[in-house]
Every structure is written in structure tokens, then in C-alpha cells.
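Summary of structural features
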Amino acid sequence: MAKARQTIPILILVGMAFALPHMWDSPYYMHLMVLLWIYAIFAISYNLYLGFLGGFSMGQPAFFGLGGYATGLITTKLDWPTGVGFLVAVGVCSVAAFIIGFPALRLTGPYFVLMTVAVLGIVGNLSNTLYKVTGGSSGLRDIPEPVIGSWNFDTTNYYYYLALGFLIITYIVVQWLIFSRIGRGFMAVRDNEELANSLGINPFRYRMIGFVTSAAIAGVAGWLYAHYVHILDPTVFGFNYVFDILFMVILGGTGTLPGPVIGAFIVVFVPEVLRMAAEWRSFFFALFMLVMIIFMPLGLWGFVKVQQGRYMEWKAMRMAQGVPLGLPRYLGFISKDYWSTLSAFLSSIKARFSKETDQET
Amino acid sequence: MSQYDLVMQQIVNGLVLGSVYVLIAVGFTLCLGVLKLINVAQGHFYMLGAFLTYQALEWNTNINYPMAIIISVLIVSFAGLFVHYVGIWPVQSRGQIAPILTTVALAFMIENIAIICWPGSGRNIETALSDNVRNPFGQVHVTDQRMMTFVAAICLMALLYLFLQRTRVGKALRATTQNQMSASLMGINPEYMRALAMVLSAFLAAAGGGLIGPLFTIVPNMGLSALFKAMIVVLIGGMGNVPGALVGGLILGLMETLIGGLWSAAWVNVAVFGVIILILIVRPKGLLGSKGI
């Protein structure tokens, strides 16, 4: 019963995702949805390292772009099939992460952030400087669409299914990884490195596993992106991508499995809603982010989980008292609760300012 | 122009560029020391400083260049206070990542406002000093503007050093960097020190922007690259190390102009980031180590 209650909503959501191209006949929004699934894979890869290993990397687009450029070069310059391009993209990203990981994963705090910034900077600038190979700022053109057997993913709707399929596979693989012994090791390293080390979990080794897996998944996203847009230029290494996927992970919920996917919806569709703001669009988007980060520390999924926990607690309390249940009563209770939190916050600000004026006089 | 003159010219240009990097980086390192966070809006304070200097000069012909810099620096200091109380103060107890994100959001907002206020392909600040060319050694060209930028930046650094070393407030700031808990037991309000560090860093970045404005075309999206320059300088000089930032800024400026002038401009960034990775592999705590401000 409990199992069914968990799986049925998931099945309904996946079914809706598969039926979407038949219900929503809009090429532009289908294009956005394809990008959304690709970004969701990218955000899952970022969340694997940030959320489950607690490492704040700013270099994730390096692997995204590296995967894209690897498959782009293989399929355009050498005319190899896209399936080989996929293997090469994942392989290049894993090897690159392995090599970078040796110096980088021994660093902590701001030094690790700087190291990843430097990696992204060097890869991004190389893609521009080595213009004879990569095409420089005019881009690597005419990347073919993927062909699997007799299926040719040349239209947006076909590509939608390809991207969605990859997202589901990635999600299942990451979920399996997180619930396996390795994932438990990740969280042990994140929560208390010394304790984990004393229990026989080598932090460096587990960080390396997480870093390489995360880079490989970013490479998958890069492969999907390259074959979808058919052109790559050095902007795929841009720092804007770092902030985009960072917002996806944080707004959705860091260290949760559905968080990055929910965050991808926010980051892709909120700017669409803000289209009416014209030139002020990025201002209002940033304002929205600011408010979300300040008032939803755990992200949207974390918020839902907290509310669910509180509802369960409240339900148990009502049951124990023998009072009939009801959602309206719960909403009344919760709004009262929020009002008290808000008024406590306001009075703390008031107390703070009165204290400051006291000190000055 | 002989090879010697070329090298000397690049060294002079590098010192001028480096002196401005120093100003941005010192603010960044102050933030890192006192607030223990990476302030992403630092580069945007620099951009805003340059644009407000331009705007003050446009606004009224009676305002001369130093006055314009002072006006812009004061406005940007208030912007720093705003960023602190809106972006950083509400999330300061939440670890490292949340303040980074709120400053990213505020930086995007600042950039968007700048794009709307100053549309088009960038601006040039015109000053009377730019036309005077001197040749101090051989064929090397140095405009008065570049001389002024360098001297003013070094003077500001010296003033900051005196402020941090000799005044009570400066000592309180340094104490907060070293140990916040014991500083607050000694009667220092860490809240004030955090706000002060933020205002000082915005002040210094805006001064850097105002000083470098006449040398380059200023564009609204130059903030982020300036932030990375500041990060690199801090890495060379050591986290929270103010004299180290001076050395690091000059090294970075020299490195950029020498590589760009003598080898190839396309490889400058690759070489700089390569050096960063080398430094992190060889000396993970920065080239000069972190000693506190």
C-alpha cells in the first residue's frame, strides 16, 4: 500500500512527460522542454557532488562543454557514428575529472572553488584559442543528429523522447548510487570527514568516485546538448551556466533526488513568465532568486518535505486527541504558525535596531 | 621601438593595471577575512564605480574628475551596505553557499540596472589628463592619467594599511578576522565589523573602477571578469592577506601585459589560469601564505 502510494504519482508524472508532445502542439515550448531535460541531467550531475559530497565546484560546465566538444569533433572531423561519440564524451569527461581530481580534491574551502574556476577558465579559453581545431568563437558547426539503428532523432519531438529517456536512466542510476553503499559513504564524508575516515571510508577515494561520476553525467548532458543544437561555441563554458545550474540545485533542493529536476523547471520557465518585463527580465529573475534563497533555505523540495513532516505530526496529534481530521483545519493551524514565525522575525529586527540605538546613546 | 623599450612599456602598463587589480582584490580579501564568504558582487561594485564616475562627469561640467570619483565611491559604498543588509545578513548563519548565491542574484540585478541605464557598446571617460604624454625612460609612453591611476591606487593602499594598523577600528577589524568569538568578548560588535568590511570593499572596488575608467572602454558586463582577477590576486597573495594582495595584484598585472605584449594576446588567460593551477598544486595555501590582515 505504502509502496503503491509512492510509485503511482511517479508513474503518473512520467506518463504525463511522455504524453506531453502529443498534448502540447507548440514547437517553441517543446524546444524549451528538450533543453529542460538536458539541463535537468546537468543539474543532477552537479547535485551529485554538491549535495551528496558537499563540495562547491564552479567548474561543472567544463565537463559539459568537454563532452560536447569531444563528440562534436569525433562526429564532424572524423565522421564517426554518434554512439561512438557518446562513449568518447563520457570517457573524456571521466578521464579529465580523474586527472583534475588528484590535485583538486585535496583542497578545501575557497581553494577548491578557485581550482575549479581555474579549470573552467583554462578549458573555456583553450576552446577559443585553439580555433584551428574547435572553430574558435565562430563555433563548431554541423554536428549531426544521433542515429540509433533506423531511428533518426532529427525532429524536436523525437529528441524530446531521447532526452527524457536519458533523464530517467540518469535519475535511476543516481538513485541506485545514492542508496548503495557508495552513496552512504558519500553522505558520511559530507557530514563528518574525520568520523568517516575513522570508520574505514577513505574520503579522498569517495570524493574521487563522486567527482568522476558527476563529470561523466555532465558529459552525457553535453553530448545531448551538442547533438541537439548542432553547433558549439566557447559560450558553453560560460560562467552563466555555473550560476544557472547552481540555482537549479539550490532552488529545487540540495542533496535531494527530485530537487535538480524541479529546479530546472523553475530556472527554465520563470524567465518565460517574466518575458513581459522586457528588459527588466533578468532583474526580476534575480530578485525572485534572492527571495527564494532567503525564504526557502532547503529549496522547493525540501520545503515540501518539511511541510509533509509537519502535517504527519499534526495528524498524529489530532488522532491522539480523538479530534476529526481536516485539511482546512490544518491550513488554519499552519497559517497561524507562519504568522507567529513572521511576527517573531519582525520583532527580532525591531529588538535589533532598538538595541543598536541604545548602544549609540 | 627596441625590444628593451617594448618590455619597459609592458612593465609600466602592467604596474598600472596591477594597481587597480590590487584595489579590487583587497576588498575581496577583506570580505573573505571578516565575513568568511566569497562576495560575487565585488566585480560589479568596480563596474558601478566606473559608470557612476562617467555619469557624474556627464551630469555637470563643473564636476571635475577627482570629485566625480568621490561621488561615485560614496554612492557605491551605500550600495555595499545595501548588498550586506539585503543579501548577506539574512543568510549569514547558513554556511558558505547561500551568501554566494544571494550575492550572485544581487550582482545580476546591478548588472541589469547598469545595462538599462547605459545601453549601447560601452562608454569612455574623457579627462584632461589623458592627453599629456611623458617619456620618462627612453621611448616609453606614459600618460599623466596612467601615472595618476598608479599613484592614487598606491596611496589608497597605504591609507588602508595605516587604517588597519594604527586606528582602533582597524584593530577591531583585524581582531574580528582572527577570531570572531574572542573579538566579541572584547567588546567588538562583529555585526558592525561585517558591515564595515563590506562598505570598505565596495569603496575600494569603486575607487578602482573610477581610476581605470579613463584607460579602457567601460561596459556593463565587465564585473564578472574583474571578480576572477580579484580571485587570482587573492590566490597569489594568500587569503585575507592585505600586503600579499598588493604583491599579487602587481604580479598579475605584469604577467598579463608581458604575456600579451611579448607572446600572444590570445594566450593570456590560458597562461594565467595555468599558473593558478600550478600554484594550487605546488603551494595550496597561496604563494605568500595567509597570515591575516
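Throughout what follows, the structure given in this document is the object of discussion. All of these numbers come straight from a predicted model, not from anything done at the bench.

Describing the overall build of chain B
The secondary structure content of chain B amounts to 11 helices and 2 strands. Radius of gyration (C-alpha) of chain B: 19 Å, near the 19 Å computed for a compact globule of 293 residues. Each principal axis of the C-alpha atoms in chain B carries an extent, and together these give about 60 × 50 × 35 Å. Relative to its full complement of 293 residues, chain B shows a buried share of 57%. Here the analysis covers contacts within chain B between residues at least 6 apart in sequence; of these, 76% occur between residues at least 24 apart. With an accessible surface of roughly 12,000 Å², chain B has 66% of that area assigned to carbon and sulfur atoms.

Some remarks on the overall build of chain A
Of regular secondary structure, chain A possesses 15 helices and 2 strands. A burial count over chain A gives 49% of its 361 residues as buried. Of all intrachain contacts in chain A linking residues separated by at least 6 positions in sequence, the fraction that spans at least 24 positions is 74%. Total accessible area on chain A is roughly 17,900 Å²; 68% of this is exposed by carbon and sulfur atoms. Side chains of chain A give 22 positive and 17 negative charges; the mean places of these two sets differ by 11 Å.

Quick word on the packing of aromatic side chains
Residues and elements named next belong to chain A. Tallied over the full model, the rule gives 27 aromatic pairs over all chains. A centroid spacing of 6.4 Å and a plane angle of 15° characterise the contact between Tyr29 and Phe269, whose relative ring orientation is stacked. Of the two residues, Tyr29 sits in helix H2 (residues 27-53) while Phe269 sits in helix H12 (residues 259-273), which places them 240 residues apart along the sequence. For Tyr29, a relative accessible area of 27% translates into the label partly exposed. Consider the rings of Tyr49 and Phe211, whose centres lie 5.3 Å apart with planes at 65°: the pair is edge-to-face. A residue pair is termed long-range when its members are at least 10 positions apart, and Tyr49 in helix H2 and Phe211 in helix H10 (residues 203-229) qualify at 162 residues. If you follow Arg106 out to its NZ or CZ, it ends over the ring of Phe204, 4.2 Å from the centre.

Considerations on the nonpolar core
A:Trp37, A:Ile38, A:Phe63, A:Tyr160, A:Phe247 and B:Phe45 are the most contacted members of the largest nonpolar core, which totals 208 residues. In terms of residues, this core owes the most to one element, H2(A), which gives 20 residues. Not counting the four nearest positions on each side in its chain, A:Ile38 is found in contact with A:Phe64, A:Ala163, A:Ala221, A:Leu224, A:Tyr225 and A:Tyr228.

Some points on the interface of chain B and chain A
Every contact between the two is made by 44 residues of chain B and, on the other side, 39 residues of chain A. At the boundary of chain B with chain A, total buried surface from both sides reaches about 3,900 Å², with 80% on carbon and sulfur atoms. When the area that chain B buries against chain A is broken down by residue, the three leading residues are B:Leu101, B:Met109 and B:Phe273, summing to 14%. Inspection of the region where chain B meets chain A yields 0 salt bridges.

Quick word on the side chain of B:Gln145
All names here are of chain B. By the secondary structure assignment, Gln145 is in helix H5 (residues 144-166). Using a relative accessible area of 1% as the deciding quantity, one classes Gln145 as buried. A polar contact of 3.4 Å, which involves the side chain of Gln145, links it to the side chain of Tyr65.

Cut-offs and rules
- Residues numbered from 1 in each chain as written.
- Chains lettered and ligands numbered in written order.
- Predicted model: local features only at pLDDT ≥ 70, side-chain atom pairs only at ≥ 80, totals over all residues.
- Heavy atoms only, no water.
- Helix = DSSP H or I, 4+ residues; strand = E, 2+ residues; numbered from the N terminus.
- Rg over C-alpha atoms; globule rule 2.2 N^0.38 Å.
- Buried < 20%, exposed > 50% of the residue type's maximum accessible area, 1.4 Å probe, protein only.
- Contact = heavy atoms within 4.5 Å.
- Areas by Shrake-Rupley, 256 points an atom, 1.4 Å probe, with all protein chains shown as cover.
- Lys, Arg positive; Asp, Glu negative; His and termini not counted.
- Charge placed at Lys NZ, Arg CZ, Asp CG, Glu CD.
- Phe/Tyr/Trp six-rings, centres within 6.5 Å; stacked < 30°, edge-to-face > 60°.
- Lys NZ or Arg CZ within 6 Å of the ring centre and 35° of its normal.
- Core = buried A, V, L, I, M, F, W, Y, C linked by side-chain atoms within 4.5 Å.
- Buried area = accessible area lost by both parts, 1.4 Å probe.
- Salt bridge = Lys/Arg side-chain N within 4 Å of Asp/Glu carboxyl O.
- Polar contact = N/O pair within 3.5 Å; in protein donor to acceptor, adjacent residues only side chain to side chain.

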